[in-house]
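# Structural characterization, general
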Amino acid sequence: MSSKEGGTALTRRNCRLASDTDKPKSTGIVNEKLLTDYLHHVFPSTKPGPTLASLRKPLGFQDLGSHLEKLLAEGEPPEEDRDAPVEGRLGPNTVVLDHTSGFEGLLFVDDDLLGVIGHSNFSSIRATTCVYKGKWVYEVLISSQGLMQIGWCTLNCHFNQEEGVGDTPDSYAYDGNRVRKWNVTTTNYGKSWAAGDIVSCMIDLDEGTITFCLNGQSLGTAFTDIKMGPGVAYFPAISLSFKESVAFNFGTLALTGLWATYPVEGYLPLQNPPTAELLKAQKLLGYIKTVLATTIDVQERLVEKDCSSWKLHGEPTVLLAMAHIFNHFAPLMCKVYLVEDVLMSFLLSILEGGGSVDEHPLIQQLLDLFWLLMEDYEVNECLKQLMMSLLRAYRFSPIIPDLGFQIHYLRLTTAILHHEKSRKYLLSNRTFDVLRSVVFFYIKTPLRVKEAGLEELIPTTWWPTRFDKEGKDELEAKSETADERLRRRAYERGCQRLKKRIEVVEELQVQILRLLLNNKDRGTGEASRYIFLNKFRKFLQENASNRGHPTALCPPEYMLCFLHRLITAVRSYWDEGKRKGPVRCSFPQAYVPPQLFYNGKVDYFDLQRLGGLLSHLKKTLKDELASKTNIIIDPAEILTTSMDDLDEDEESGAAQRPFGAAAMGGALARPSWLSSPTLGRANRFLSTAAVSLMTPRRPLAPPEKVKVRTLAVEQRTEEDIEGSHGNDGLLLGRPLEEPDQPIAEKSLLEIVDGIVMMYNLSVHQQLGKMVVVSDDVHEYAMALKDTEEKIARCPARRADILDELQKSQKVFAEKLNHLSRRLAWINATVYSKEKMLDVYWLLRVCIRTVEHADHTGSLFAFAPEFYLNVAMNAYSALKNYFSPANSMDDLPGYEDTLTQLAAILAKHFADPRIVGTDIKDSLMQALASYVCYPQSLRAVERIPEEQRVAMMRNLLAPYEQRPWAQTNWILVRLWRGCGFGYRYTRLPHLLKTKPEDTNLPSLQKPCPSLLLQRHMAELLSMDKDMAASFLNSVLNQLNWAFSEFIGMIQEIQQAAERPERNFVDTRQLKVCATCFDLSVSLLRVLEMTVTLVPEIFLDWSRPSAELLLRRLAQLLNQVLNRVTAERNLFDRVVNLRLPGLESVDHYPILVAVTGILVQILVEGQRQGAASVLLSDPCFQLHSIQHLLGEGGEPAGSSTTAAPSPPPVVGPLGAALAPAPTSEEDLCPICYAHSISAVFKPCSHKSCKACINQHLMNNKDCFFCKATITGVEDYTKPASS
């Protein structure tokens, strides 16, 4: 192994080859006197002896080995003392958690068996060593502040999912979450803990007491007179609830100065530190420092120098001295305690002077020395322990105002990763990969504002104090008082100070990622980027494959930070490539080419494609792949993949059973995000596919087939990704629609694809969770304002009430001070302007990717569903989650992006190439939300007319066999604001109640689209068949919805009238309200149709007009009869005012019916319409009178009056003069109309309305089930 500087090749395996016994003294390294002075200076003896150089015994390399051994033996305890058992302790010398038999429930235990995460209701675990005599202590670092009970237990304690440490007679625990101590019973004790705190658990088995300390401060004696005696020994133990995590220190880790451990006088750690080895390592480190700080000048004198500028030049004297040191130092650096206490502390001290990492080259030189003088397995183990110690220290370091701890550890991590050989080893090694390194990119949110120093950074707090009628913040600065303005500006300045400090940490995290994404370091093998890329894909695979098992996933808060840092790092490399290659697109214009979705070069695991299963797509679209992209699928591969799918379906249950069994009582390995990637399976398409690709077609020559290597993710090389010499790598199979110019480095495209997948996996979910702090601030601010108003109104004589109100005011103000500072942290780390731009960039990537994939025609089906999901979710996050201070209108090209997204939603919500039910529902819901807001609705109106018309045509398709409720909702929103009495935002009778969420789409102000209404009118007017089928389906659904509603309110009324106390099922109430809302919305769609295209009902020259009008009249009469009758069922249920039925009232349904009647009876002025309404057997004149208020007050509890239409009762009453008809002449189906049609060939008879309605859904005769071939008019023959 040779040094990078070209020096002498020396390792511990051959270090003696250059000693003075093997080479003559005439080699000229140094003269004998100078060598003696140098070695005595580097390796001084601590024993008294001659101090003058002339009296010292000559020392050369031939004697250095024995001299060094004597020095290291000084002060070392005798061998028998080191191995002697410790009195009062039983168990192995190395104390860890007992993951084989000492646990209950489901737990994830760290690789070193010191960290644990709970993953069941209440899991328990104990250590491997117990104590029965003396005073002992261990420490627990709290990494989450949830429900945990920490303490001691005996072997006789048996725990379960409900009872843990402290819940049995011989176990004792402290619970800082509930601030209590537990020993069967519980009492108040101690203080509350938070993430980053250290709990010291002390047991005195001489006095029989147990005491706990929090961050070095004693909480007092918790338990006295604990059980002692023969057969009684206590184990360290913990019980913790789901997702709570801690790390133990039994004396295993040298955490002094890193985790700020708190030694307790008189108490011993359960595991003794390696004192002898620690002393030896510190001596050796001192020798190394002396070598680094000593040089020989040109006059052959020993000179002290600054070691920070030391370089490994290959001087034989220095190398031989170092080789002797490392002969003893290297084996010690394989132990975690010594790595943390000696090596890590030394490396951190090098960086203490500040400045950039590049200004401290000594760490790079030391790593070169490590690789030169240590065995490969030793340096590998040393680097592994060093990086894991750094990760642990960063993860658990407390938050201080300047984030000094985090910056300190990140700087050292960056310095180590600057070393190319070390970086590649760590990337390739399974103990340091993406799954672990994600921790380095997380910035945790402080739960204790005071201890995190936020009071110093943000001394002045602020929150909104003015709200509108619906509780929304009023952002107009003109309404602020001078004092409020000063407070807000002071708060904003504090937020900026905090943001700048967080940006320092973020910049270091980005530097780490830039090192991992380096693709120019090919000097020692494969570039770092390609090693990282394969690990990154494996990371995504594990998280995608285990979405049903949250215990195996990377925490969303870690994933969120990782995503933002990765976007920043990729942006920097993308911009560098853009400067070098002007043909490439800029980062804001980035997208993922569609060939990645079907050429098998990128693993999408088992994620759903838009067109269904991959095996099905390869079968059905193989011809399109061959003709458009020159990709040929081997028929044998199609069969293999299909059979594999069948096998997987059969084995899926069996594969899940072991996991379930383990979940009941197994202690699993650490989760994938903190350990090596072992879960998940490789993509079958990559491992079994036999894909042949042809070169671009040449005229008059058959295509040349080229076999593509199909490798597992971890086996891919740079050539497989980037391609070379005509090989397109990841972009094989370019369709003709794609430009022939390189977009960017292909590895960056795959990372962008992974970023989109990360957002879909858990980042969007985490963005939604963090909004709760902002919501809490809003709620407390409203409560504080309400309390202050009550204080102002409180009479002076009611001092008791005033005192309580002032106490409440103080509590609310203190809570707001705390929450506003926490919100400042969250806004800086999660919702800042930069993070908003990242999410916006993701939205644009997804939009462009979907657009390019759409251009490939049928191959669009290969695109993964998550691209559409991320496009919809990213838009939702931008609109709903980010601070109002970061307005969407300020985003570059925002209106164009809205229009592009509108075009995607309008086109693909009914795209036949998309088969997944879930994604189709998501598209429909997104479009429904889109049309509720004026800005996004205008975006829909800006898409090309052809696409708008196509969207309306899809919306007007018959409601059967599809999710019609969302379609109907969209049409209603396009109409809301134009209908009769339909300009309200909230129902009038609910205006005095507070809405649950004013941001809901249903609570937005009406914003009708006249343009889309016009398209709807044109389509229904021109396409008579489509109009008839659409309205027939609307009427069918209205009949069903209202019938269901009536049936449900009957059950509710019966339950309410029973003498015994009954509670109506809340689910039944919700379904009942939904049916009512559906009935109202369907009536509004009918009103919209009647208004826009009245000829569909009133122009009887159209074949279905009369039938549709009769059906409409029948349904309107049924609704009116049920709602307006005096003391009817509807009225009684409304008066119950049941929770969940708030929307059920007379007003919404009556104004909808009135709007229809106004159009067909008044505006149309068609006598035919009135006769149809009157001829319906359900028609009752008093319903119209009650509706219009001409017959007294309408029945019902609502005091809100509908707008008054012109009086029509007089004309209707005059027209209501039924002619006597014989029963034999009435239709035998409806008994409402005369017989007017005869069926062929069976000659049965009915009225035209009944037969026309029947023939729309069925061709069989009512009576004999014969197939009807024709219908003729029937006229009753004259009586003889």
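Predicted, not measured: the structure shown is a model, and the values here were computed from it.

### Digging into the overall build of the chain
For the chain, the helix and strand inventory stands at 40 helices and 26 strands. A total of 1280 residues make up the chain; the buried ones form 53% of that total. Of the contacts formed within the chain by residues at least 6 apart in sequence, a portion of 74% connects residues at least 24 apart. As displayed, the chain has an accessible area near 55,700 Å², and 52% of this comes from carbon and sulfur atoms.

### Digging into the sheet that holds strand β5 (residues 123-126)
Sheet architecture is open: seven strands sit in the order β2-β5-β15-β8-β9-β10-β11, paired in antiparallel fashion. Of all the strands in the sheet, the pair left with one neighbour each is β2 (103-104) and β11 (185-188). Where β5 meets strand β15 (residues 235-240), four bridges bridge the pair, whose relative direction is antiparallel. Across the sheet, Ser-124 pairs through a bridge with Ser-239, a residue of β15.

### Regarding the environment of His-908
Note on placement: His-908 falls in helix α25 (residues 894-908). Assessed through its relative accessible area of 2%, His-908 is described here as buried. Between the alpha carbons of His-908 and Met-924 there is a distance of 9.0 Å; along the sequence they are 16 residues apart. Beyond its immediate chain neighbours, meaning those up to four positions away, His-908 contacts Val-850, Asp-854, Phe-860, Arg-913, Ile-914 and Leu-923. A polar contact of 2.8 Å, which involves the side chain of His-908, links it to the side chain of Asp-911.

### Considerations on the packing of aromatic side chains
The final tally for this structure, using the stated rule, is 42 aromatic pairs. With centroids separated by 6.0 Å and ring planes inclined at 80°, the aromatic side chains of Phe-539 and Phe-562 adopt a geometry described as edge-to-face. Remark: Phe-562 occurs in helix α15 (residues 556-580) and Phe-539 occurs in helix α14 (residues 528-545); sequence separation between them is 23 residues. Both residues of the pair, Phe-539 and Phe-562, count as buried.

### Focus: the sheet that holds strand β26 (residues 1270-1273)
If you walk across this open sheet you meet the three strands as β25-β24-β26, and the pairing is antiparallel. Sheet topology places β25 (1245-1246) and β26 at the edges, where each strand pairs with a single neighbour. Taken together, the two bridges between strand β24 (residues 1237-1240) and β25 define a ladder with antiparallel strand orientation. The partner of Ala-1237 across the bridge, within β25, is Ser-1246.

### Looking at a negative patch on the surface
Negative charge collects at one region of the surface, where Asp-889, Asp-890, Glu-895 and Asp-896 lie side by side. Judged by its relative accessible area of 47%, Glu-895 is partly exposed.

### Looking at the state of the cysteines
Covalent bonding between the sulfur atoms of two cysteines defines a disulfide. In the structure shown here, the tally under the stated rule is zero disulfides. Summary of cysteine pairing: Cys-334 is not part of a disulfide, and the nearest cysteine sulfur, belonging to Cys-382, is at 7.0 Å. Cys-334 sits in the partly exposed class, given a relative accessible area of 21%. We note that Cys-1075 lacks a disulfide partner, and the nearest cysteine sulfur, in Cys-1072, lies 6.9 Å from it. For Cys-1075, a relative accessible area of 5% corresponds to the buried category.

### What to know about the packing of helix α8 (residues 376-396) against helix α9 (residues 404-417)
Remark: α8 packs on α9, axes separated minimally by 9 Å, with the N-to-C direction vectors making an angle of 155°. The angle between α8 and α9 falls in the class roughly antiparallel. For the crossing formed where α8 meets α9, the hand is left-handed. On the side of α8, the interface is formed by Leu-383, Leu-386, Met-387, Leu-390, Ala-393 and Tyr-394, while α9 contributes Gln-406, Tyr-409, Leu-410, Leu-412, Thr-413 and Ile-416. Here the contact of α8 with α9 is composed, by residue class, of 10 nonpolar, two polar and no charged.

### What to know about the pairing of strand β4 (residues 115-118)
Going residue by residue along β4, you find Gly-115 and Ile-117 tucked away on one face and Val-116 and Gly-118 tucked away on the opposite face as well. Two elements, strand β3 (residues 107-109) and β4, share three bridges in a ladder whose sense is antiparallel. In the sheet register, Val-109 faces β4, and the bridge partner there is Val-116. Between β3 and β4, which pair antiparallel and follow one another directly, the connecting turn spans five residues, one of which, Leu-113, has a positive phi of 60°. Sheet topology note: the β4/strand β16 (residues 245-249) ladder contains three bridges and is antiparallel. Bridging from a neighbouring strand, Ile-117 pairs with Ser-245 of β16.

### Some details on the environment of Gln-589
Tracing the backbone shows Gln-589 in the loop between α15 and α16 (614-620). Accessibility expressed as a relative area gives 36% for Gln-589, which makes it partly exposed. For Gln-589 and Arg-848, which are 259 residues apart along the polypeptide, the C-alpha to C-alpha distance reads 8.0 Å. Those residues in contact with Gln-589 that lie beyond four places of it in its chain are Arg-844 and Arg-848. Side chain to side chain, Gln-589 and Arg-848 meet in a polar contact 3.2 Å long.

### A word on helix α29 (residues 964-975)
For α29, which comprises 12 residues, the first-to-last C-alpha distance of 17 Å matches the rise-based estimate of 16 Å (1.5 Å per residue) to within 8%. Burial of α29 is extensive: nine of the 12 residues sit out of reach of the surface. Within α29, burial applies to Trp-964, Thr-967, Asn-968, Ile-970, Leu-971, Val-972, Arg-973, Leu-974 and Trp-975. The inward-facing, buried residues of α29 abut α26 (917-930), α27 (934-942), α28 (945-955), α30 (1010-1022), α31 (1024-1057) and α32 (1066-1092).

### Observations concerning the confidence of the model for the chain
For the chain, per-residue confidence averages 80 on the pLDDT scale, and residues scoring 70 or more make up 81% of the total. Summarising per-element confidence for the chain, the mean pLDDT is lowest in helix α19 (residues 684-688) (28) and highest in strand β9 (residues 171-175) (96). Per-residue pLDDT stays below 50 along residues 255-260; that stretch engages in 16 contacts with residues further than four places along the chain or on separate chains. Note that residues 1192-1202 has pLDDT below 50 and, in this model, 26 contacts with residues that lie over four places away or in other chains.

### Points about a positive patch on the surface
A cluster of like positive charges, contributed by Arg-489, Arg-493, Arg-497 and Arg-501, occupies part of the molecular surface. By secondary structure assignment, the location of Arg-501 is in helix α13 (residues 482-516).

### Details of the nonpolar core
One finds Leu-566 and Trp-574 to be the most contacted residues of the largest nonpolar core, which totals 311 residues. In terms of residues, this core owes the most to one element, helix α21 (residues 746-793), which gives 18 residues. Aside from chain neighbours lying at most four places away, what touches Trp-574 is Cys-585, Ser-586, Phe-587, Ala-590, Ile-743, Ala-744, Leu-748, Leu-749 and Val-752. Counting residues in hydrophobic clusters, the runner-up holds 43 residues, among them Val-109, Ile-203, Phe-223 and Leu-240.

### Some thoughts on α30
Between the first and last C-alpha of α30 there are 18 Å, a value that for 13 residues agrees with the 18 Å anticipated at 1.5 Å per step. All of the buried residues along α30 are Leu-1012, Gln-1013, His-1015, Met-1016, Ala-1017, Leu-1019 and Leu-1020. Next to the buried residues of α30 lie α27, α28, α29, α31, α32 and α33 (1095-1098).

### Side note on the packing of helix α7 (residues 362-373) against α8
Running from N to C, α7 and α8 cross one another at 140°; their axes reach a closest spacing of 7 Å. Our classification of the angle between α7 and α8 gives oblique. Contacts between α7 and α8 involve Leu-367, Phe-370 and Trp-371 from the former and Asp-376, Val-379, Asn-380, Cys-382 and Leu-383 from the latter. By residue class, the composition of the contact of α7 with α8 is six nonpolar, one polar and one charged.

### Re the environment of Leu-410
Along the chain, Leu-410 falls in helix α9. Using a relative accessible area of 0% as the deciding quantity, one classes Leu-410 as buried. Between the alpha carbons of Leu-410 and Ile-512 there is a distance of 8.3 Å; along the sequence they are 102 residues apart.

How each quantity is defined
- Residues numbered from 1 in each chain as written.
- Predicted model: local features only at pLDDT ≥ 70, side-chain atom pairs only at ≥ 80, totals over all residues.
- Heavy atoms only, no water.
- Helix = DSSP H or I, 4+ residues; strand = E, 2+ residues; numbered from the N terminus.
- Buried < 20%, exposed > 50% of the residue type's maximum accessible area, 1.4 Å probe, protein only.
- Contact = heavy atoms within 4.5 Å.
- Areas by Shrake-Rupley, 256 points an atom, 1.4 Å probe, with all protein chains shown as cover.
- Pairing = 2+ DSSP bridges.
- Polar contact = N/O pair within 3.5 Å; in protein donor to acceptor, adjacent residues only side chain to side chain.
- Phe/Tyr/Trp six-rings, centres within 6.5 Å; stacked < 30°, edge-to-face > 60°.
- Patch = residues over 30% accessible without salt bridge, like charges linked within 9 Å, V, L, I, M, F, W, Y side chains within 5 Å.
- Salt bridge = Lys/Arg side-chain N within 4 Å of Asp/Glu carboxyl O.
- Lys, Arg positive; Asp, Glu negative; His and termini not counted.
- Charge placed at Lys NZ, Arg CZ, Asp CG, Glu CD.
- Disulfide = S-S within 2.5 Å.
- Axes fitted to C-alpha atoms, helices over the stretch in contact; angles between N-to-C directions.
- Parallel < 35°, antiparallel > 145°, perpendicular 65-115°, else oblique.
- Left-handed = near helix turned anticlockwise from the far one by under 90°.
- Nonpolar A, V, L, I, M, F, W, Y, C, P; charged D, E, K, R; others polar.
- Expected span 1.5 Å × (residues − 1).
- pLDDT = per-residue confidence, 0-100.
- Core = buried A, V, L, I, M, F, W, Y, C linked by side-chain atoms within 4.5 Å.

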